[in-house]
4 protein chains.
Amino acid sequence: MKCYELQGPDGIDGLALVDKPVPEPGDGQVLVRLRAATLNYRDLLTVKGGYGSRQKFPLVPASDGAGVIERVGPNVREFAAGDRVIGSFFESWIAGEPSEAKMRSALGGAVDGVLSEYRIFPKHALVRTPKHLSDIEAAALPCAGLTAWSATVKLGSVKPGQTVLTQGTGGVSLFALQFAKMCGARVIATSSSDAKIERLKQLGADFTLNYRATPDWGKKAREWSGHGVDLVVEVGGVGTLNESIRATRIGGTIAFIGVLAGPPPSDLRLPLMVMQQQRLQGVTVGSVEDLQAMVDAIAACRMKPVIDKIFPFDQAKQAFAHMESGAHFGKVAIEID
Amino acid sequence: MKCYELQGPDGIDGLALVDKPVPEPGDGQVLVRLRAATLNYRDLLTVKGGYGSRQKFPLVPASDGAGVIERVGPNVREFAAGDRVIGSFFESWIAGEPSEAKMRSALGGAVDGVLSEYRIFPKHALVRTPKHLSDIEAAALPCAGLTAWSATVKLGSVKPGQTVLTQGTGGVSLFALQFAKMCGARVIATSSSDAKIERLKQLGADFTLNYRATPDWGKKAREWSGHGVDLVVEVGGVGTLNESIRATRIGGTIAFIGVLAGPPPSDLRLPLMVMQQQRLQGVTVGSVEDLQAMVDAIAACRMKPVIDKIFPFDQAKQAFAHMESGAHFGKVAIEID
Amino acid sequence: MKCYELQGPDGIDGLALVDKPVPEPGDGQVLVRLRAATLNYRDLLTVKGGYGSRQKFPLVPASDGAGVIERVGPNVREFAAGDRVIGSFFESWIAGEPSEAKMRSALGGAVDGVLSEYRIFPKHALVRTPKHLSDIEAAALPCAGLTAWSATVKLGSVKPGQTVLTQGTGGVSLFALQFAKMCGARVIATSSSDAKIERLKQLGADFTLNYRATPDWGKKAREWSGHGVDLVVEVGGVGTLNESIRATRIGGTIAFIGVLAGPPPSDLRLPLMVMQQQRLQGVTVGSVEDLQAMVDAIAACRMKPVIDKIFPFDQAKQAFAHMESGAHFGKVAIEID
Amino acid sequence: MKCYELQGPDGIDGLALVDKPVPEPGDGQVLVRLRAATLNYRDLLTVKGGYGSRQKFPLVPASDGAGVIERVGPNVREFAAGDRVIGSFFESWIAGEPSEAKMRSALGGAVDGVLSEYRIFPKHALVRTPKHLSDIEAAALPCAGLTAWSATVKLGSVKPGQTVLTQGTGGVSLFALQFAKMCGARVIATSSSDAKIERLKQLGADFTLNYRATPDWGKKAREWSGHGVDLVVEVGGVGTLNESIRATRIGGTIAFIGVLAGPPPSDLRLPLMVMQQQRLQGVTVGSVEDLQAMVDAIAACRMKPVIDKIFPFDQAKQAFAHMESGAHFGKVAIEID
């Protein structure tokens, strides 16, 4: 079988397509023939060495994959060959509260990822692909989808009639927009491009703001919403946090996702956040049970993830480069066939 | 002004249309010109003496009304003449947890109701009518609407992808169906009439069951849902409780609303409920803040309540009789003009 | 090794002490040398055939055991020989929400129990014994302890200053009393024996009621508490439910545990429960993560379970008979040595 | 009557003792003869102009007072002359979620405070003083007490066996220590003084750290706790936030209270907070219903607030100066007689 491997944090050019033997599923394990993967900003950061010296190498990159079960090992009654499945971002966070042990199992990080023709999964780290989704659409869900689900539904507890603000047109933000609408909420969506804003409206955004043209978008969002938004899905890091605090209502929540580092502004408005009894909630993907709940919702509402562009397996480097360009609207996918 | 009054539990014929002076709003009070009222099963029960000897008489019946502010008393800055408003079911349950003191203020029960051309409301017991609703539609909300909202959203915490079961075609059940769909849930709806079942489908029911034709509807609902439904909105009282327990998943909830009394079946499956770690949650309308949250959701989703039939003010008795017949699908309304 | 086995629902006399080979721990498994077990009412019911024809036989009875790790199988890094451990009631409910699959793994029910010198546990179904507890005290925790913890802390969310009512002097009730005090709550405890009431006071009960002498104990509890108790830990089944509803405040909870069957009273006050927006919450033990949380609390507060009487391993039948007599105050234990 | 008044942000010396007529209670109002007040850091900041140009002047300072009802106005049946009462920090936040309108009613801020012999309160903004507390002890509760209660019990949901970290020996921190112990938690308490650390131990601290001697106290707290603490009650502002993030477990909470402003450190670890799915929860006192719940808990557990020093009414300036010195351990009180 073929798979991509990184020997070190050598950037996109360090990605090497290598040959390996197809592994054999052991007790409670499942061999999956992967059909599709999608990329996250985190995968780009990993390739470029953004996670420092603790990163495991060699590494098969990318956390998000979907495919078809090739065969199952002993003591696997939950699945059978031919089943279409999605892999969980964390292999060991099955259910319940997060912990260090559970989170030391991220695909494409602590353990090998999915940029590979075959991969072994523990049976408890797979969920079935909904019928209405292609393998590429299914591969969009594990990281960006579940992060947005946790931000809006699980930790954000969005309710009908509330207002949610999303930022930009990356994977998490578009999923958050879709889940917020699924919950009966109103959505304020921002972008720096008027063309992308049109597409945000088509996805259901009730109010849009071009944050280039409107640097005080937080104030405008607060005004439009009435008393401030109930939830901001913050993906911009500390750089946009002040406007997010401004946008949020008293008692509201900012779901904080950004992997973007950088020093905070010297006028960071944490005291205002306190005075308004707001909550800044870190979000880190979720468990296999959370993934199942999200997939159930996607199936029930026949939701479709937004796929930006599909690259063939042998052009994975171009897919990473496209991710890096920032021009995408939705998920960047790689077809494995 | 004219209003209906009951001197005692004399049944529908005891309703008398009487003349009274228009009251004057005091400190913090608002005079509302009522334009519409709707009936609940509870109002019929009150008229017929179903609440026993503690019921206050004389009584202006009916809890659910909407209208236009005629004028405001001193210290009312929140509202002005001309504002369209909806009255809260409980006058003193403004926010927070319920209590005896807060709940001793139900309109058409502990205090006079809305079957009247004018009525004084404390300013904190009113919410604004959404623009897309007529006064009659607005008058559908305080009791049946808020009960369904509390059952599904507030206490039931329905999430996208969950399954909710509703029973029949009364006001609470139709609202519950609509709110469950608003939350992204799948809905199983039951009725004894195939004609009504068609209308339930039009309202969004994903799966329907004629409970006459299918007495073991609980089992069927469980099968269709996969592992059992997440929430049953139980309006049938103890008589239907066994099938509801059967329909519900392990760890699921039965929101219990029924005002219908009667002895429990001798084989009441409470032990099964325990073994399945289910929750039987009593639901009693909600607070003014809950009403506001629901009205915000109805406005955001442009939801319309289902009005069965509108009676003119001088035919209020016929409206009660229609309610009693059980033939309605949605709310029975009275126009006050 | 020696263990007790039941060939069928033959009652206490059917318990046979048999010889079996000591099993070998497989991948991810742990061999535990059991040192102590405790009995629950459920174990008595199982022995007597109370769970009907679906009960697995032959069966090693009893769910609650503690001991010392003899040796571990491959891929077990979490534990080592010599570690003192407690077994979980459910082997497969590791974390998260309950489900049919997770709950089809109860020791001494769906799978063999702990009345045995040795037993294999999956590594994820064990927690470490706190240092301040003996093996017998540790063996008191899995079923009765965790049920009481779930009723009070996890599902009951008892907060300082609230009032909790417990019934009688069985294992669950005494644990519930202790956990409620640990949470800063006031406790009302009932018993039919004045002698036992003295011991309830020593455990911290703030107010006691002899339910024989005071049949309307629900009313008295309501009065003493002010507005009604926040939580009743109901172990008496439907027979005592009416008084429990009476005792509970508006918006309060009745944690329903009773495995005691029997027809409900014809005047069952479920309508009153609805009007008071009360919650009847079925409780079924809990997950391994819940067990860990409870054990952490017991360690932090240096709580000691109440052990009624300790029987040697060869007198297990007498232990069951003592359980059946109802004379116990706290847990009936069996020492395995 | 006599009261203190500030004409502007003139510092402690600007406090003037003035004469005013005793006000008359109107509809739904209560006249309270204040017996005691306590100071918060916020009161010092107000006196010194720390809240900027929006601060109302002239102002009667201080939010926290307790006393005896002198007489009640019309329509007050809940209280009577002679009742001992505590005033709520917010006059208009009665129950439910916070909002701008509710929070624009803070005593000693938006409205006049309690450094006065008499004051009018709306009846809904008072709770009864527990019998076991003196008026001075009761006056310690409204701001610091309720802030700590919200941080630990209401928003922090501390459970038995969890670990809570408190910082220093100010009012909020000592209350947080006491409430955390009341909830059955373990407490790690920090201070810069070994003498104060002794007193923290007497209050129940399980583990103490001198943050001068141990600048990496966050790391030490994490180690002692096992996997990190469940809740940090952060009163130090952004300056201590990095160590607090370090101390906190994955999925844990930092209750953020600090009114201390100042620029954030350039290496603020918000990305680490995200990766650990932590929650930074702003806390702003609480509602009257929250105050009642806290007072119930204090009564049930017979808890006593820690009073540092009591100043007579005519030495209020010295009380402020003592507050400013930072030498206090617990609350600085003023007796009004």
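Here the structure is a predicted model, which means the values were calculated and not measured.

Some remarks on the overall build of chain A
The number of helices and strands found in chain A is eleven helices and 15 strands. Here chain A has a C-alpha radius of gyration of 20 Å; the compact-globule value for 337 residues is 20 Å, and the two agree. Its C-alpha atoms give chain A principal-axis dimensions of about 60 × 40 × 40 Å. In chain A, buried positions account for 61% of the 337 residues. Partitioning the contacts of chain A with sequence separation of at least 6, the portion at a separation of at least 24 is 70%. By element, 50% of the accessible surface of chain A is carried by carbon and sulfur atoms, the whole surface being about 11,900 Å². If the 37 positive side-chain charges of chain A are averaged to one point and the 35 negative ones to another, these points end up 4 Å apart.

Looking at the relation of the copies chain A and chain D
With an RMSD of 0.0 Å, the operation that places chain A on chain D is a rotation of 180° combined with a shift of 0.0 Å along the axis. Both copies of the chain, as the preceding transformation shows, are related through a two-fold rotation axis. Across chain A, the smallest distance between a C-alpha and the rotation axis is recorded for L280 of chain A, namely 2.4 Å. Both copies present the same face, since 97% of the interface residues in chain A are matched by interface residues at the equivalent positions in chain D.

Overview of the pairing of strand β13 (residues 279-282) of chain A
With burial as the criterion, each face of β13 of chain A is covered, one bearing R279 and Q281 of chain A and the other bearing L280 and G282 of chain A. Taken together, the four bridges between strand β12 (residues 248-256) of chain A and β13 of chain A define a ladder with parallel strand orientation. Within β13 of chain A, the residue paired with A255 of chain A across the bridge is Q281 of chain A. As defined by bridge partners, β13 of chain A adjoins strand β13 (residues 279-282) of chain D across three bridges and the pair is classed as antiparallel. From the neighbouring strand, L280 of chain A faces β13 of chain D, where its bridge partner is L280 of chain D.

Describing the interface of chain B and chain D
Reports often express the size of an interface as the amount of accessible area lost when the parts come together. The interface of chain B with chain D comprises five residues on the first partner and five residues on the second. Both sides of the chain B and chain D interface together cover about 320 Å² of buried area, and 43% of this is carbon and sulfur. Counting across the interface, chain B meets chain D through two salt bridges. Two residues, E289 of chain D and K102 of chain B, come together in a salt bridge whose shortest N-O distance is 2.4 Å. The tally of links from chain B across to chain D stands at two residue pairs in polar contact (both at pLDDT 80 or more). Here the residues of the side of chain B that touches chain D are counted per class, giving one nonpolar, one polar and three charged.

Side note on the sheet that holds β12 of chain A
With mixed pairing, twelve strands are arranged side by side in an open sheet as β10(A)-β9(A)-β8(A)-β11(A)-β12(A)-β13(A)-β13(D)-β12(D)-β11(D)-β8(D)-β9(D)-β10(D). Among the strands making up the open sheet, the edge pair consists of β10 (207-210) of chain A together with β10 (207-210) of chain D. When strand polarity is set aside, the average angle formed by the axes of neighbouring strands in this sheet is 15°.

Some words on unusual backbone geometry
A cis amide bond, omega -5°, links F57 of chain B with the succeeding residue P58 of chain B. With respect to the element layout, P58 of chain B can be found in the loop between α1 (41-47) and β4 (64-72). Positive phi, close to 45°, is recorded for Q277 of chain A, a residue that is not glycine. Mapped onto the secondary structure, Q277 of chain A falls in the loop between α9 (270-275) and β13. Residue Q277 of chain A is classed as buried on the basis of its relative accessible area, which comes to 6%.

Quick look at the domain arrangement of chain A
Residue and element names in this part refer to chain A. Domain parsing of chain A yields domain 1 (2-143 + 285-335) and domain 2 (156-282). Counting residues at the interface gives 18 residues for domain 1, matched by 14 residues for domain 2. Of all residues in domain 1, the largest losses of buried area upon contact with domain 2 belong to M303, V306 and F329, amounting jointly to 45% of the total for that side. At the junction of domain 1 and domain 2, the tally comes to zero salt bridges. For the pair domain 1 and domain 2, the number of links is three residue pairs in polar contact (both at pLDDT 80 or more). Residues that form the side of domain 1 that touches domain 2 fall into these classes: 13 nonpolar, three polar and two charged.

Some thoughts on the interface of chain A and chain D
Across the contact, 35 residues belong to chain A and 35 residues belong to chain D. Summed over both sides, the interface between chain A and chain D buries roughly 2,700 Å², with carbon and sulfur atoms accounting for 62% of that surface. When the buried area of chain A at its contact with chain D is split by residue, I250, V274 and Q277 of chain A rank highest and sum to 24% of it. Close ionic contact of E97 of chain D with R249 of chain A constitutes a salt bridge, the shortest N to O distance being 3.7 Å. The interface formed by chain A and chain D holds nine residue pairs in polar contact (both at pLDDT 80 or more) in total. Broken down by secondary-structure element, the contributors of at least two residues to the side of chain A that touches chain D are α2 (100-103), α8 (238-247), β12, α9 and β13 of chain A.

Remarks on the packing of aromatic side chains
Residues and elements named next belong to chain A. This model, assessed by the stated rule, comprises 24 aromatic pairs over all chains. Aromatic pair F90 and W93: ring centres 5.7 Å apart, planes at 50°, arrangement tilted. On the accessibility criterion, W93 (0% relative accessible area) is buried. A network of ring pairs unites the aromatic residues F89, F90 and W93 as a single cluster.

Section: the side chain of H132 of chain B
Residues and elements named next belong to chain B. Topologically, H132 is positioned in the loop between β7 (126-128) and α3 (135-138). Here the side chain of H132 touches M303 through a polar contact of 2.8 Å, landing on its backbone oxygen. Leaving out residues up to four positions away in the same chain, H132 has contacts with E137, I298, A299, R302, M303 and K304.

Observations concerning the relation of the copies chain B and chain D
Least-squares fitting of chain B to chain D yields an RMSD of 0.0 Å, with the superposition described by an axial translation of 0.0 Å and a rotation of 180°. Of all interface residues in chain B, 100% are interface residues in chain D too; the two copies therefore contact each other through one and the same surface.

A few points about the packing of helix α7 (residues 217-225) of chain B against helix α8 (residues 238-247) of chain B
Axis angle and axis distance: for two packed helices, these are the angle between their axes and the distance between the axes, and together they describe the pair. Residues and elements named next belong to chain B. Their axes nearest at 7 Å, the elements α7 and α8 cross at an angle of 15°. Judged by the angle between their axes, α7 and α8 are roughly parallel. When the axes of α7 and α8 are compared, the crossing they make is right-handed. Every residue of α8 that contacts α7 at W217, G218, K219, A221 and R222 is listed here: T240, E243, S244, I245, R246 and A247. Here the contact of α7 with α8 is composed, by residue class, of four nonpolar, three polar and four charged.

Conventions and cut-offs
Residues numbered from 1 in each chain as written. Chains lettered and ligands numbered in written order. Predicted model: local features only at pLDDT ≥ 70, side-chain atom pairs only at ≥ 80, totals over all residues. Heavy atoms only, no water. Helix = DSSP H or I, 4+ residues; strand = E, 2+ residues; numbered from the N terminus. Rg over C-alpha atoms; globule rule 2.2 N^0.38 Å. Buried < 20%, exposed > 50% of the residue type's maximum accessible area, 1.4 Å probe, protein only. Contact = heavy atoms within 4.5 Å. Areas by Shrake-Rupley, 256 points an atom, 1.4 Å probe, with all protein chains shown as cover. Lys, Arg positive; Asp, Glu negative; His and termini not counted. Charge placed at Lys NZ, Arg CZ, Asp CG, Glu CD. Least-squares fit on C-alpha atoms with pLDDT ≥ 70 in both. Pairing = 2+ DSSP bridges. Buried area = accessible area lost by both parts, 1.4 Å probe. Salt bridge = Lys/Arg side-chain N within 4 Å of Asp/Glu carboxyl O. Polar contact = N/O pair within 3.5 Å; in protein donor to acceptor, adjacent residues only side chain to side chain. Nonpolar A, V, L, I, M, F, W, Y, C, P; charged D, E, K, R; others polar. Axes fitted to C-alpha atoms, helices over the stretch in contact; angles between N-to-C directions. Domains from an automatic or database assignment. Phe/Tyr/Trp six-rings, centres within 6.5 Å; stacked < 30°, edge-to-face > 60°. Parallel < 35°, antiparallel > 145°, perpendicular 65-115°, else oblique. Left-handed = near helix turned anticlockwise from the far one by under 90°.

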